[in-house]
Amino acid sequence: MSAAGSTVRAEVLLGTLGSVLLGAGGWGSGALPRGVPDGVWGRPGVPLQCVGVAVSYAGLVLLIAAWWRLGTRVADGTAGGWRPLRRALWCWVLPLVPGPLLGSSDAYSYLAQGALAGRGRDVYALGPAALGGPLAANVPGIWHDSPAPYGPLSVAAARAVVAVTGEHHVVAAALGLRLLAVAGLALLVWALRRLAEAAGAGAAGALWAGALNPLVLLHLVGGAHNEALMLGLMAAGLLAFRRGRRCVGTVVLTAAVLVKAPAVVALLCAAAVSVAGRDGGWRRVRRVRRAAGIAAVAAVALVAGVAGCGQGWGWLWTLRTPAEVHTLLSLSTDAGHLLGWAAQGLGWGTAAGAMTAARLAGLLVGLGAVGYWVRCAPRAGAERATGMALLVLVAAAPVAQPWYALWAVVPLAAVSWRRLAGRGARAVVVGLTLVVMPSGQGPTWVSGPAAVVGGAVALAAVLWWVSTARPVPVPDAVVPRAAATTRR
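Thresholds applied
- Residues numbered from 1 in each chain as written.
- Predicted model: local features only at pLDDT ≥ 70, side-chain atom pairs only at ≥ 80, totals over all residues.
- Heavy atoms only, no water.
- Patch = residues over 30% accessible without salt bridge, like charges linked within 9 Å, V, L, I, M, F, W, Y side chains within 5 Å.
- Areas by Shrake-Rupley, 256 points an atom, 1.4 Å probe, with all protein chains shown as cover.
- Salt bridge = Lys/Arg side-chain N within 4 Å of Asp/Glu carboxyl O.
- Helix = DSSP H or I, 4+ residues; strand = E, 2+ residues; numbered from the N terminus.
- Buried < 20%, exposed > 50% of the residue type's maximum accessible area, 1.4 Å probe, protein only.
- Contact = heavy atoms within 4.5 Å.
- Core = buried A, V, L, I, M, F, W, Y, C linked by side-chain atoms within 4.5 Å.
- Expected span 1.5 Å × (residues − 1).
- Axes fitted to C-alpha atoms, helices over the stretch in contact; angles between N-to-C directions.
- Parallel < 35°, antiparallel > 145°, perpendicular 65-115°, else oblique.
- Left-handed = near helix turned anticlockwise from the far one by under 90°.
- Nonpolar A, V, L, I, M, F, W, Y, C, P; charged D, E, K, R; others polar.
- Lys, Arg positive; Asp, Glu negative; His and termini not counted.
- Charge placed at Lys NZ, Arg CZ, Asp CG, Glu CD.
- Polar contact = N/O pair within 3.5 Å; in protein donor to acceptor, adjacent residues only side chain to side chain.

A few words now on a nonpolar patch on the surface. The grouping of Val303, Trp313, Leu316, Trp317 and Leu319 at the surface amounts to a nonpolar patch, some 520 Å² of accessible area in total. Its location among the elements puts Leu316 in the loop between α13 (284-309) and α14 (331-346). Classification of Leu316 by relative accessible area gives partly exposed; the value is 39%.

Written out as structure tokens, the structure reads:
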């Protein structure tokens, strides 16, 4: 155990150093606000930006390397269990808390929408431009006139943060949102452990795949995204259903839907499992009674939640707002661009028509996958069905961001973390983590080379460390199992 503990300690220290560098580099390269005095998240000059990008990417590479090696230790049984990984999580999270936003400026949109709601304005009809002031000034221009695409509970949470910090304290408000995200992460960790234990999947592996994930650290903590709250509620709701507490589970999952609508997939899958019964059969009377009960509780919770948040039902009509932008991770949108180029070149139609057709096809594929996995949920399990349905939905959606992958990763981590520990799955996580600059903007002729230099230096240091590190002894408890596997 001592050998395993020392090995995990090395990974924890490496990841902590990476997190410190990532947070420190954010002071020069993060999503920094406008109109803030120098020294308090102030916007630096170009030389300091380059240094910040290099330092951030060096930290990101160290963090990824630590996560990768820690996953290997968990898989071969030398990580030492749940507690060392929980310690690693908070050692990696805390250095990111006081720094600027990383990977995205979306949190400024949350705050502007919360301030609008605090003034009694309709955030589902007005964009941040109607607010004015420093919060609106930090919202990316493409979203200035866009209504909020988030649920009323997300808007209410941002409104509460702004009510405490005030509309003119951008830094304090952003830190308030980050603390809210950390609270969502804490709820996620609590529920993820118990879900994994109930499923017999291994709590340490679930924590490694679902919470220590670099996407969680960079975007949910660093970017203060509302996915942290949605995923925490989603995991807690799935846990309640697994424990047979259907009413509690329905209320909690409905709350997750009121943060972001994709959580409805988890509610549908959990309800399908509950209605089917433990034996997987669909006895008519029990099925109807349970389905009616879950539907009634969900409807009451939904109406009560919307009324309590005071934002109305406009969010149901603004869910398509994110589709106004093009992201390289949207397969259907990318296909639409290629089809549009071909259609115009060959004279078969317009680029706009091709784009509409491709996005509609992607949406239908995603919705079809949701329907398929909801039907398969009694056999596959609510967590696996939720993860697979959301995985296809994200891949086929008209718009996708790197952190959207966590919608699928978190429920799958609770029951199938070993699949996520494969080299291919880990490589996808690494690619999604590195594809976004710390500022949330695309690379430039200045920031791109700085990121390459910083990442290359860190990678060289990691490779040197790996080549000089002593091999890790395998605990005695693991040896017979490995030997038996070899003999077979």
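From this point on, the discussion continues.
The topology assignment puts Pro134 in helix α5 (residues 133-137). Remark: the alpha-carbon pair of Pro134 and Val170, spanning 36 residues in sequence, is separated by 7.0 Å. Those residues in contact with Pro134, other than ones at most four positions away along the chain, are Glu167, His168 and Val170.

So, about the pattern of salt bridges. Scanning the model with the defined rule gives 5 salt bridges in all. In this structure, the salt-bridge partner of Glu383 is Arg242, at a minimum N-O distance of 2.8 Å. Of this pair, Glu383 sits in helix α16 (residues 382-396) while Arg242 is found in helix α10 (residues 227-242), placing the two residues 141 residues apart along the sequence. A relative accessible area of 3% means that Glu383 is categorised as buried.

Another point: the nonpolar core. Note on soluble globular proteins: their nonpolar side chains tend to be buried together. Membership of the largest hydrophobic core comes to 140 residues, with the highest contact counts inside it found for Leu85, Leu89, Trp92, Leu185, Trp208 and Leu212. Take this core: its biggest share by element is 13 residues, from helix α7 (residues 170-199). The contacts of Leu212, once residues within four sequence positions are left out, are Trp67, Leu70, Leu85, Ala88, Leu89, Trp92, Leu207 and Leu217. By size, the runner-up hydrophobic cluster in this structure holds 5 residues, among which are Val53, Tyr57, Met437 and Ala451.

Here we come to α16. Taking 1.5 Å as the rise per residue, α16 with 15 residues should run 21 Å; its terminal C-alpha atoms sit 21 Å apart, in good agreement. Listed in full, the buried residues belonging to α16 are Ala382, Glu383, Ala385, Thr386, Gly387, Ala389, Leu390, Leu393, Val394 and Ala396.

This part is about the packing of α7 against α10. Two elements in contact, α7 and α10, have axes whose closest approach is 7 Å; the angle formed by their N-to-C orientations is 30°. Here α7 lies roughly parallel to α10, going by the angle between them. Classified by chirality, the crossing of α10 by α7 is left-handed. Together, Ala181, Gly184, Leu185, Leu187, Leu188, Trp190, Ala191, Arg194, Leu195, Ala198 and Ala199 of α7 and Ala228, Leu229, Leu231, Gly232, Leu233, Ala235, Ala236, Leu238, Leu239 and Arg242 of α10 make up the contact between the two elements. Considering only residue class, the contact of α7 with α10 consists of 17 nonpolar, 2 polar and 2 charged.

Among the surface-exposed residues, Arg9, Arg83, Arg86 and Arg87 lie close enough to one another that they form a single positively charged patch. Summarising the element assignment, Arg83 is placed in helix α3 (residues 82-93).

Moving on, we come to the side chain of Glu227. As for its placement among the helices and strands, Glu227 is situated in helix α10. Accessibility expressed as a relative area gives 0% for Glu227, which makes it buried. Here the side chain of Glu227 touches Trp407 through a polar contact of 3.2 Å, side chain to side chain. Apart from the residues lying within four places of it in its own chain, the contact partners of Glu227 are Tyr110, Leu220, Lys260, Trp403, Tyr404 and Trp407.

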